[in-house]
Amino acid sequence: VEDSGQDVRDLQAWPPLSMRHSECLIVGSIITLCGNALQAYASAGDVDPAYKLCVDYCKVSGCIGMTAGSKKDGLRTQQSKRTDGNCSPVCANATAVPIDLRLTYWTCLDDCNYMCMHKFTEHLKAHGNPVMKYHGKWPFLRILGFQEIASSIFSVANLAAHLHGLIRLRRATRGLKHGYPYLHLVQFQTIVNVNAWVWSMVFHARDLPMTEALDYLSANVVLFSGILLIAARVLSCQQPSEWALMALPALAGLCLHMHYMLAVKFDYGWNMKLCLILGAVQALAWVIWSQWVQHIARWKFLAFFVGIHAGLLLEVLDFPPFLELFDAHSLWHAYTPPFVYMWYSLFISDAMWMSYHKQL
């Protein structure tokens, strides 16, 4: 290339080579937490040569696009125009890094990816072409350093629903003569759910290798604890000593899975299969058991799992974010808090049902 400066300056005139995108759609029983997305890290947008050239130049110059002339002259010209919105405040030659980008650990490469992604997205929209994914994600508007602020906010809403649901359960069972023997197990699952939603919020704020691993593995803990809870309830194991014995195989399985994911291979496909299996087992077990014992809340159990699965249509209908904030996955997170309240109401009903039968 004789004039690299001219080539980069003209990037916005280059249409991406591919107008199609590929994404692994997540359909399963426990999509809320397990696999906040099975991300396809080589998406149509980021494999485009023009996008790559934009990012490569930005890493060197701190800006996207440059004026004609030598790379050195172009860099100097762009440095004098840092207020035009085409230069990164994070790259090494920037004068000051905004505090929100510092606190959320944005690097020069991250910011270059972000700026080039939005420049190319603007170009696609201007020419009536469909929006593409970059590095497995839709182009979201960054707010306060958060990559997907809507999903982060809705993750906090789910977290709050768990805490409030547990408070309601504790209040409802406080006056029962025999108490609720499974309260401690439910409290334990609340703790692991809160932990998982914390890391969901952090992961959606900043998709980094560490936050991704913590998000995925925290979701795995939720699933294994859920298996322990349904097993204890179905088998009527009411003593902590019985729970401990039941927890040993579940804990061993969880440790093996974590070792494989962290030390052998961070296998998205295997993790998703495991989530699907454990989620399906829990859903079927709760519904079948509640119908078998003619539980007072058996139809509520069924309604809960039917309703939570109906929301999976949002994941199947994966679409670009409107207002650059709300995509299908974020709306799925917004959909689930009412079902969290319903989940705890199931245990309130179970406590009342057990108390009634013990008084007969």
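Residues numbered from 1 in each chain as written. Predicted model: local features only at pLDDT ≥ 70, side-chain atom pairs only at ≥ 80, totals over all residues. Heavy atoms only, no water.

J.: Help me out: how do you make sense of the overall build of the chain in this one?
T.: Looking only at helices and strands, the chain has 14 helices and 0 strands in total. In the chain, the order of α-helices and β-strands from amino to carboxyl end is α-α-α-α-α-α-α-α-α-α-α-α-α-α. Of all 360 residues assigned to the chain, the portion counted as buried reaches 49%. Carbon and sulfur atoms form 68% of the exposed surface of the chain, whose accessible area is close to 17000 Å². (Helix = DSSP H or I, 4+ residues; strand = E, 2+ residues; numbered from the N terminus. Buried < 20%, exposed > 50% of the residue type's maximum accessible area, 1.4 Å probe, protein only. Areas by Shrake-Rupley, 256 points an atom, 1.4 Å probe, with all protein chains shown as cover.)

J.: Explanation requested: the pattern of salt bridges in the structure shown.
T.: Side chains that differ in charge, positive against negative, can pair when their charged atoms come close. Evaluation of the coordinates by the stated rule reveals 6 salt bridges. The residue Lys59 makes a salt bridge to Asp56 at a minimum N-O spacing of 3.5 Å. Note that Lys59 and Asp56 are positioned in helix 2 (residues 49-61) at a spacing of 3 residues, about one turn of the helix. For Lys59, a relative accessible area of 41% translates into the label partly exposed. Here Arg233 and Asp350 are joined by a salt bridge, their closest N and O atoms 2.8 Å apart. Of this pair, Arg233 sits in helix 8 (residues 209-234) while Asp350 sits in helix 14 (residues 337-359); the two residues are 117 residues apart in sequence, bridging distant segments of the chain. Comparing Arg233 with Asp350 shows no difference in burial state: the two are buried. Connected via shared salt-bridge partners are Lys137, Glu148 and Asp207. (Salt bridge = Lys/Arg side-chain N within 4 Å of Asp/Glu carboxyl O.)

J.: Just checking my understanding: could you explain the nonpolar core for this structure?
T.: Counting residues in hydrophobic clusters, the biggest one holds 37 residues, and the most contacted among them are Leu169, Tyr180, Trp286, Phe305, Trp343 and Phe347. At the level of elements, helix 6 (149-174), helix 7 (183-205), helix 8, helix 9 (240-264), helix 10 (268-292), helix 11 (298-310) and helix 14 are the ones that each hand at least two residues to this core. Of all the elements, helix 14 adds the most residues to this core, at 10 residues. Ignoring any residue separated from it by four or fewer positions in sequence, one finds Trp343 in contact with Gln189, Leu229, Trp286, Phe304 and Phe305. Formed by 20 residues, the second largest nonpolar core is a distinct cluster that contains Val90, Cys108, Cys112 and Met132. (Core = buried A, V, L, I, M, F, W, Y, C linked by side-chain atoms within 4.5 Å. Contact = heavy atoms within 4.5 Å.)

J.: Would you mind going over the state of the cysteines with me for this structure?
T.: Where two cysteines share a covalent bond between their sulfur atoms, that bond is called a disulfide. A full pass over the atoms with the stated rule returns 4 disulfides. A sulfur-sulfur separation of 2.0 Å characterises the disulfide bridge that pairs Cys63 with Cys87. Disulfide Cys63-Cys87: torsion about the S-S bond near 100 degrees, hence right-handed. Taken as a pair, Cys63 in the loop between helix 2 and helix 3 (71-79) and Cys87 in the loop between helix 3 and helix 4 (99-103) lie far apart in primary sequence, 24 residues in all. Residue Cys63 is classed as buried on the basis of its relative accessible area, which comes to 0%. Since its relative accessible area comes to 8%, Cys87 is described here as buried. With a sulfur-sulfur separation of 2.0 Å, Cys91 is cross-linked through a disulfide to Cys108. Its S-S torsion of approximately 80 degrees makes the covalent link between Cys91 and Cys108 right-handed. A residue pair is termed long-range when its members are at least 10 positions apart, and Cys91 in the loop between helix 3 and helix 4 and Cys108 in helix 5 (residues 108-126) qualify at 17 residues. (Disulfide = S-S within 2.5 Å.)

J.: Would you mind going over a nonpolar patch on the surface with me for this structure?
T.: Taken together, Trp299, Leu302 and Val306 make up a surface patch of nonpolar side chains, about 310 Å² in accessible area. On the basis of relative accessible area, Val306 is assigned to the exposed category, the value being 52%. (Patch = residues over 30% accessible without salt bridge, like charges linked within 9 Å, V, L, I, M, F, W, Y side chains within 5 Å.)

J.: Can you help me understand the packing of helix 8 against helix 10 in this one?
T.: When two helices pack together, their arrangement is given by the angle between the helix axes and the distance between those axes. Contact geometry for helix 8 and helix 10: axes closest at 10 Å, N-to-C directions at 25 degrees. Taken as axis vectors, helix 8 and helix 10 run roughly parallel relative to one another. For the crossing formed where helix 8 meets helix 10, the hand is left-handed. Facing Glu212, Tyr216, Asn220, Leu223, Phe224, Gly226, Ile227, Leu229, Ile230, Arg233 and Val234 of helix 8, the residues of helix 10 in contact are Tyr268, Asn271, Leu274, Cys275, Leu278, Gly279, Val281, Gln282, Ala285, Trp286 and Trp289. For the contact of helix 8 with helix 10, the per-class residue count stands at 15 nonpolar, 5 polar and 2 charged. (Axes fitted to C-alpha atoms, helices over the stretch in contact; angles between N-to-C directions. Parallel < 35°, antiparallel > 145°, perpendicular 65-115°, else oblique. Left-handed = near helix turned anticlockwise from the far one by under 90°. Nonpolar A, V, L, I, M, F, W, Y, C, P; charged D, E, K, R; others polar.)

J.: I would appreciate a short explanation of the packing of aromatic side chains in the present structure.
T.: Aromatic rings considered in pairs are described by the distance between their centres and by the relative angle of their planes. What the rule picks out here adds up to 18 aromatic pairs. Taken together, a centroid distance of 5.3 Å and an interplanar angle of 35 degrees make the contact between Phe304 and Trp343 tilted. Residue Phe304 is located in helix 11, and its partner Trp343 is located in helix 14; the two are separated by 39 residues in the primary sequence. Considered together, Phe304 and Trp343 belong to a single accessibility category, that of buried residues. Here the aromatic cluster, defined as three or more aromatic residues joined through ring pairs, consists of Trp286, Trp289, Phe301, Phe304, Phe305, Trp332, Tyr335, Phe339, Trp343 and Phe347. (Phe/Tyr/Trp six-rings, centres within 6.5 Å; stacked < 30°, edge-to-face > 60°.)

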